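Each chain is listed here by its residues.
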Amino acid sequence: MQRKRVLVRIFSIALVLIGCGFIYYLLEKDWAMFVRSVTEVDKALFGVSVVLGLLANLMAAHFYVFLLRGHHGPVSWQPLCRIFLLSQLVRYVPGKVWSYLYQMGALPAGISKTTIVLTNVEMSLISMLVISGASLAAFFWPGAVLLLCVVLGLATLISLAYRSGALDRVLNRLAFALDRLGVKHLARRPYDQAHMITIITSWVVLVFVALIVALQAIWPLSTSESIFYAACLGLSWIVSALVFFVPVGIGVRETGFVALGLIAGGVLDGGQLATTAIILRFWQLSVDVLSGACGIIVDHNRE
């Protein structure tokens, strides 16, 4: 077991180093362009995109509480929102298990650890399904109306899957994980379908709008071009999320984004894509730090 952990740690470090090396290789060829691009970022528009990203995280926190209430019943919004927002910072600790352990340790009295695990599993599955579906559609047909329709359609399908019990059956088949937690059946209260569709749609649309605005703050891109590169980011995020042992997908997401942009042959070259990846990593960090600050404020107000 110890040897396996060491190998996983070595592999994760290697992935990060390879990704960073690839980005550096692309930037090194035109370092002056990178420096100039960073200084020429539209600061006001970039700030707006960070605020939009924060709103997306707040909507994600609302969805987290919404799902958790389905398992546990009525619970106070404030402490759970605080837990979710602060866990965005804990994700940067190597090994994604720390975020879950933090959530379990900060639980209000009366909420089981199993509930937290199930809520995280559900949220991960739903976010990966909607973001990957919307990103694939936008990657091949970058259009604002189509993107909105796909997100709304996927949110509706997920809501129907809950109503039919299909998603519960999928989760119950994860017996190898659930049995260790002592979970044999998922006890769930019925969700408000309209509320679920509204939350999922608002959350994912906010994510894409924030990314589109951030991209337009970096480069003079058209709306369709920004949607295309936002789709590349969405797809690369899915890949980095699957590489669970790398904290917040550092290096993996950036490499995936640059590779997709180069393969698709968009308007940005390799150096510009690498510059975009680095600036957007800073953007993500800014959003997560502000989210953590909001979690502290929520906790302070509660006290």
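Everything that follows concerns the structure shown earlier in this document.
Description of the structure in this document.

Rules and cut-offs
- Residues numbered from 1 in each chain as written.
- Predicted model: local features only at pLDDT ≥ 70, side-chain atom pairs only at ≥ 80, totals over all residues.
- Heavy atoms only, no water.
- Helix = DSSP H or I, 4+ residues; strand = E, 2+ residues; numbered from the N terminus.
- Buried < 20%, exposed > 50% of the residue type's maximum accessible area, 1.4 Å probe, protein only.
- Contact = heavy atoms within 4.5 Å.
- Areas by Shrake-Rupley, 256 points an atom, 1.4 Å probe, with all protein chains shown as cover.
- 1 Å grid on protein atoms, 1.4 Å probe; cavity = no way out; pocket = protein on both sides within 12 Å on 5 of 7 lines; lining within 4 Å.
- Points joined across faces, edges and corners; volume = space filled by probe spheres on them.
- Nonpolar A, V, L, I, M, F, W, Y, C, P; charged D, E, K, R; others polar.
- Patch = residues over 30% accessible without salt bridge, like charges linked within 9 Å, V, L, I, M, F, W, Y side chains within 5 Å.
- Salt bridge = Lys/Arg side-chain N within 4 Å of Asp/Glu carboxyl O.

**Considerations on the overall build of the chain**
- Looking only at helices and strands, the chain has 13 helices and 0 strands in total.
- Moving toward the C terminus, one meets the helices and strands of the chain in the order α-α-α-α-α-α-α-α-α-α-α-α-α.
- Counting across all 303 residues of the chain, residues that qualify as buried make up 49%.
- Sequence separation of at least 24 residues holds for 76% of the intrachain contacts in the chain that already meet a minimum separation of 6.
- For the chain, the computed accessible surface area is about 14,700 Å², with 70% contributed by carbon and sulfur atoms.

**Some thoughts on empty space enclosed by the protein**
- Here the structure, examined in full by the defined rule, presents 1 cavity of 30 Å³ or more.
- Size it by volume and the largest cavity reaches roughly 30 Å³.
- Contributing to the lining of the largest cavity are Leu233, Ser236, Arg253, Glu254, Phe257, Ala277 and Leu280.
- Of all the secondary-structure elements, those providing two or more residues to the lining of the largest cavity are helix H11 (223–242), helix H12 (252–264) and helix H13 (270–302).
- The leading source of residues in the lining of the largest cavity is H12, at 3 residues.
- Residue composition of the lining of the largest cavity, grouped by class: 4 nonpolar, 1 polar and 2 charged.

**Quick look at the environment of Ser240**
- With respect to the helices and strands, the residue Ser240 is situated in helix H11.
- On the basis of relative accessible area, Ser240 is assigned to the buried category, the value being 3%.
- Taking the C-alpha atoms as reference, Ser240 lies 8.1 Å from Gly256; in sequence the two are 16 residues apart.

**A look at a nonpolar patch on the surface**
- A contiguous nonpolar patch, built from Leu136, Phe140, Trp141 and Leu146 and spanning about 450 Å² of accessible area, is present on the exposed surface.
- On the accessibility criterion, Leu146 (35% relative accessible area) is partly exposed.

**Section: the pattern of salt bridges**
- Applying the stated criterion to the full structure yields 2 salt bridges.
- A salt bridge links Glu254 to Arg253, with the nearest nitrogen and oxygen atoms 4.0 Å apart. Just as Glu254 is buried, Arg253 falls in that class too.
- For the salt bridge of Glu254 with Arg281, the shortest nitrogen-to-oxygen distance reads 2.6 Å. Here Glu254, found in helix H12, pairs with Arg281, found in helix H13; they are 27 residues apart in sequence, far enough to count as distant. Pair check on accessibility: Glu254 and Arg281 agree, each one buried.
- When salt bridges that share partners are traced, they join Arg253, Glu254 and Arg281 into one network.

Distances and angles like these do not, on their own, reveal function.
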